[in-house]
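# Architecture and fold: a report
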2 protein chains.
Amino acid sequence: MSTQNTEKSYYVGIDLGGSKILAGLFDTELKLLGTNKIRTKPERGFDGVCSRIARCVKELMDDADLSCENAIGLGIGTPGSIAPNGNVIFSGNLDWKDKPLKKKLEDLLKLPVVVENDCNAATLGIYHKELHAQSPNMVGIFLGTGIGAGLIFNHKLYRGSNHIAGEIGHTTMDIHGDKCNCGSIGCFELLSSRGAIFRQVNKAIQRGEPTLLSEMGDGKLEDLRSRDLLKAINRGDKCVDRIVDEAAFCAGIAVSNTVNLLDPDIVVLGGGVIEALGDRMMPIIEKTAYKHAFPGTVFKVIATELGDNAGITGAAALAQNKDI
Amino acid sequence: MSTQNTEKSYYVGIDLGGSKILAGLFDTELKLLGTNKIRTKPERGFDGVCSRIARCVKELMDDADLSCENAIGLGIGTPGSIAPNGNVIFSGNLDWKDKPLKKKLEDLLKLPVVVENDCNAATLGIYHKELHAQSPNMVGIFLGTGIGAGLIFNHKLYRGSNHIAGEIGHTTMDIHGDKCNCGSIGCFELLSSRGAIFRQVNKAIQRGEPTLLSEMGDGKLEDLRSRDLLKAINRGDKCVDRIVDEAAFCAGIAVSNTVNLLDPDIVVLGGGVIEALGDRMMPIIEKTAYKHAFPGTVFKVIATELGDNAGITGAAALAQNKDI
């Protein structure tokens, strides 16, 4: 016969993405006790996705022999811009506009909910769990399908005047470059995101350059993931090797740009591209950043050790009011 | 017979540049009562320049029938990075390294002195005098011989971890561009500074393009100033017109980059290039910035009305402890 655990001493952190919902169970010391992952299915719309988030959380608690009543609070990181009332103002990834995410999840789960931008949440996770909130000024840069950043100034998350700060993926680094979907030109996201890398591979294939990727994924590049790039490099694929090196160089320049403008103590890189290709890319990113940084700047560049768990960790930290 | 004014109710603000020292006398409401300007003569070294600053201040006070004893304090904006103790850590313009500017001026003038980076001082001047400190987040961008910025986050000047934040002139906007003296490549300063504009004019002359500037300044372009560019444009010089337009376009992209990363309420442009060519450049800068800014950002772009007096105003504001 099992005894019901009535202790209210846990936090839940959620990382909501366009393809997956990742939920983490944390203790009050931000130690990760368990995770649950299900697909987002954004095509089901706002209510459908919220039901799936609730299911993901309930399964997470149940797997740990707990229920939602054992949680003190829940934090969620989601793509897009977030209003102070917890509404998602706009999310291109999820095709949401002014959706009451906080209210809906509080109704479904009977828990206090904090909503934050996904890059901001991941930055807070790294800041509190990995850096122990010691550096006053930190920038987190996340390379994935797209590219975003989180900014910590004077020990606090900086959100900007429209809660939209951190769109480093949409800063122009190639003033003669291609038009970006965002309306600008030559954006960083067109140079170093997973999408940018695969676009370059595609161009190389069309030029007739040999690459192992043309045979992988049944020839459909859009089905490939960042780790397929690593596999190709490990098998001696010179074409992919060169393209990933170029993306890393551009990311290194993005780091030196950030350092020259914002003079942080530390820049931390994360996201799916770094998770898969960090061993390959980080030496180039570091070398490029240090070489191009302004004389007099002193800073560190690292890849996060939290990997995919940065987002859920930060979301749990937010549920703990770590940003106040 | 004159009566000695013994009222101690004035502030002095200094803008120290590579070519000139500008001093301003302010009342407690930051109203400008008078100015004095003399040449810097940086070749006389640190002690020589400090003596000239002291002379400039004493003349300023005397012209107003006052003496240094009537001043509550003095602020000074100077190129380079400044330590919290008021030492100039490094200034390329003045060829100074670790110079005790605060201490030296306090000894010479018997006044409390506050030292700040020149772009930071100008930003504070605009923020307090022109914007009345109402926008939480503001960026000042100054186009002159070089390009620098000042950052206000949550109503306070942000200096960065090494007191060097704001080097927007050394952020890469053309990843395939020329090498910059700073060690990086394709920097904003190579695109929109006065130096960059004159370099482009020089290249055009060498290509054989007709421009009125080849006849001005006895053919020595380095002797020309920003207002000579305006004169040439007003006389119908198509070559200068095009080059200034391109510089303005790049400055507009720098503004949208700043907005996308930092999401401020307002970006204010200043510096000698804007002072001389603002009427010509600002419409292009505004249009480009609004067009390339991330969807959802709401911000204003303006040229400062303080012109050359932004620096002395901010320096006086610092003397008033406006940043605390």
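Residues numbered from 1 in each chain as written. Chains lettered and ligands numbered in written order. Predicted model: local features only at pLDDT ≥ 70, side-chain atom pairs only at ≥ 80, totals over all residues. Heavy atoms only, no water.

With that out of the way, let us pick up the nonpolar core. Counting residues in hydrophobic clusters, the biggest one holds 104 residues, and the most contacted among them are Ile141 of chain A together with Ile141 of chain B. Setting aside residues no more than four positions away along its own chain, Ile141 of chain B makes contact with Ile147, Gly148, Ala149, Ile168, Phe188, Val255, Thr258, Val267, Val268, Leu269 and Gly270 of chain B. (Core = buried A, V, L, I, M, F, W, Y, C linked by side-chain atoms within 4.5 Å. Buried < 20%, exposed > 50% of the residue type's maximum accessible area, 1.4 Å probe, protein only. Contact = heavy atoms within 4.5 Å.)

Moving on, we get to helix H5 (residues 194-206) of chain B. Residue and element names in this part refer to chain B. Relative to the 18 Å expected for 13 residues at 1.5 Å per residue, H5 spans 18 Å between its end C-alpha atoms, a close match to the ideal helical length. Within H5, burial applies to Arg194, Ala196, Ile197, Phe198, Val201 and Ala204. Residues of H5 that are buried make contact with helix H4 (189-192), helix H6 (226-234), helix H7 (238-262) and helix H8 (272-292). Note on H5: the residue one or two positions beyond its end, Gly208, has a positive phi of about 90°. (Helix = DSSP H or I, 4+ residues; strand = E, 2+ residues; numbered from the N terminus. Expected span 1.5 Å × (residues − 1).)

In this section: the sheet that holds strand E9 (residues 138-143) of chain B. All names here are of chain B. An order of E11-E10-E9-E12-E13 is seen for the five strands of this open sheet, with the pairing classed as mixed. A strand with exactly one partner marks an edge of an open sheet, and here the two such strands are strand E11 (156-157) and strand E13 (300-303). Bridge analysis of strand E10 (residues 147-153) against E11 gives two bridges, and the strand direction is antiparallel. Residue pairing across strands places Phe153 opposite Lys156, the latter belonging to E11. In the packing of helix H3 (residues 118-130) onto the sheet, contacts are made with E9, E10, E11, strand E12 (266-270) and E13, and the angle to E10 comes to roughly 50°. (Pairing = 2+ DSSP bridges. Axes fitted to C-alpha atoms, helices over the stretch in contact; angles between N-to-C directions.)

Here the focus is the relation of the copies chain B and chain A. Turning one copy of the chain about an axis and sliding it along that axis gives the other copy, so a rotation and a shift relate them. Its rotation angle being 180°, the transformation that places chain B on chain A also includes 0.0 Å of axial translation and leaves an RMSD of 0.0 Å. These values place the two chain copies in the arrangement generated by a two-fold rotation axis. Both copies share a contact surface, since 100% of the interface residues of chain B are interface residues in chain A too. (Least-squares fit on C-alpha atoms with pLDDT ≥ 70 in both.)

Before going further, it helps to examine empty space enclosed by the protein. Evaluation of the coordinates by the stated rule reveals one cavity of 30 Å³ or more. Considering only enclosed or pocket space, the largest cavity measures out at about 190 Å³ in volume. Mapped onto the lining of the largest cavity, the elements with two or more residues apiece are helix H7 (238-262) of chain A together with H7 of chain B. Residues belonging to the lining of the largest cavity are distributed by class as follows: 10 nonpolar, eight polar and no charged. (1 Å grid on protein atoms, 1.4 Å probe; cavity = no way out; pocket = protein on both sides within 12 Å on 5 of 7 lines; lining within 4 Å. Points joined across faces, edges and corners; volume = space filled by probe spheres on them. Nonpolar A, V, L, I, M, F, W, Y, C, P; charged D, E, K, R; others polar.)

Let us look at the interface of chain B and chain A. Opposite the 44 residues of chain B that make contact, chain A presents 44 residues. Connecting chain B to chain A are zero salt bridges. Where chain B touches chain A, the interface holds 27 residue pairs in polar contact (both at pLDDT 80 or more). Elements represented by at least two residues in the side of chain B that touches chain A include exactly E10, H7 and H8 of chain B. (Salt bridge = Lys/Arg side-chain N within 4 Å of Asp/Glu carboxyl O. Polar contact = N/O pair within 3.5 Å; in protein donor to acceptor, adjacent residues only side chain to side chain.)

Turning our attention to the packing of helix H3 (residues 118-130) of chain A against helix H9 (residues 310-319) of chain A. All names here are of chain A. Packing of H3 against H9 leaves a shortest axis separation of 6 Å and a crossing angle of 80°. The orientation of H3 relative to H9 falls into the category roughly perpendicular. Residues Ala121, Ala122, Leu124, Gly125, Ile126, His128 and Lys129 of H3 form the contact with H9, whose participating residues are Ala310, Gly311, Thr313, Gly314, Ala315, Ala317 and Leu318. Residues of the contact of H3 with H9, tallied by class, amount to eight nonpolar, five polar and one charged. (Parallel < 35°, antiparallel > 145°, perpendicular 65-115°, else oblique.)

Okay, the packing of helix H6 (residues 226-234) of chain A against helix H8 (residues 272-292) of chain A next. Residue and element names in this part refer to chain A. The interhelical angle for the contact between H6 and H8, taken along N-to-C directions, is 20°, at an axis separation of 8 Å. The pairing of H6 with H8 is recorded here as roughly parallel in orientation. The hand of the H6/H8 crossing is right-handed. Across the interface between the two elements, Ser226, Arg227, Leu229, Leu230 and Ile233 from H6 touch Gly272, Val273, Ala276, Leu277 and Arg280 from H8. Tallied by class, residues from the contact of H6 with H8 come to six nonpolar, two polar and two charged. (Left-handed = near helix turned anticlockwise from the far one by under 90°.)

Here the idea is simple: oppositely charged side chains can pair when their charged atoms come close. Using the criterion set out here, one finds 22 salt bridges over all chains in the structure. Close ionic contact of Arg242 of chain A with Glu209 of chain A constitutes a salt bridge, the shortest N to O distance being 2.9 Å. Here the residue Arg242 of chain A occupies a position in helix H7, and Glu209 of chain A occupies one in the loop between helix H5 (194-206) and H6, the gap between them amounting to 33 residues. Note on Arg242 of chain A: relative accessible area 32%, which makes it partly exposed. Judged by its relative accessible area of 23%, Glu209 of chain A is partly exposed. The partner of Lys104 of chain B in a salt bridge is Asp47 of chain B, with the nearest N and O atoms 3.5 Å apart. Linking Lys104 of chain B in helix H2 (residues 101-109) with Asp47 of chain B in helix H1 (residues 45-63), this pair joins segments that are 57 residues apart in sequence.

What follows covers the pairing of E13 of chain B. Residue and element names in this part refer to chain B. Here E12 pairs with E13 via four bridges, running parallel. Each residue of the ladder has a partner; that of Leu269, found in E13, is Ala303. Read as a crossover between parallel neighbours, the route from E12 over H8 to E13 is right-handed. (Right-handed = clockwise from strand over helix to strand, strands pointing away.)

The subject of this paragraph is the environment of Leu32 of chain A. Residue and element names in this part refer to chain A. Summarising the element assignment, Leu32 is placed in strand E3 (residues 32-39). With 19 residues separating them in the primary sequence, Leu32 and Gly13 have C-alpha atoms 9.6 Å apart. Residues in contact with Leu32, not counting those within four places in the same chain, are Gly24, Leu25, Phe26, Asn309 and Ile312.

Before going further, it helps to examine the side chain of Asp15 of chain A. Residues and elements named next belong to chain A. Secondary-structure assignment places Asp15 in strand E1 (residues 10-16). An unpaired buried charge is present at Asp15: no salt bridge exists, and Lys20, the closest side chain of opposite charge, is 4.1 Å distant. The contact partners of Asp15, leaving out residues within four places of it in the chain, are Lys20, Ile21, Leu22, Gly77, Asp118, Asp308, Gly311 and Ile312. (Lys, Arg positive; Asp, Glu negative; His and termini not counted.)

Quick look at the confidence of the model for chain A now. With 98% of its residues at a pLDDT of 70 or more, chain A shows a mean pLDDT of 94. For this predicted complex, the interface score ipTM comes out at 0.94, alongside a pTM of 0.95. (pLDDT = per-residue confidence, 0-100.)

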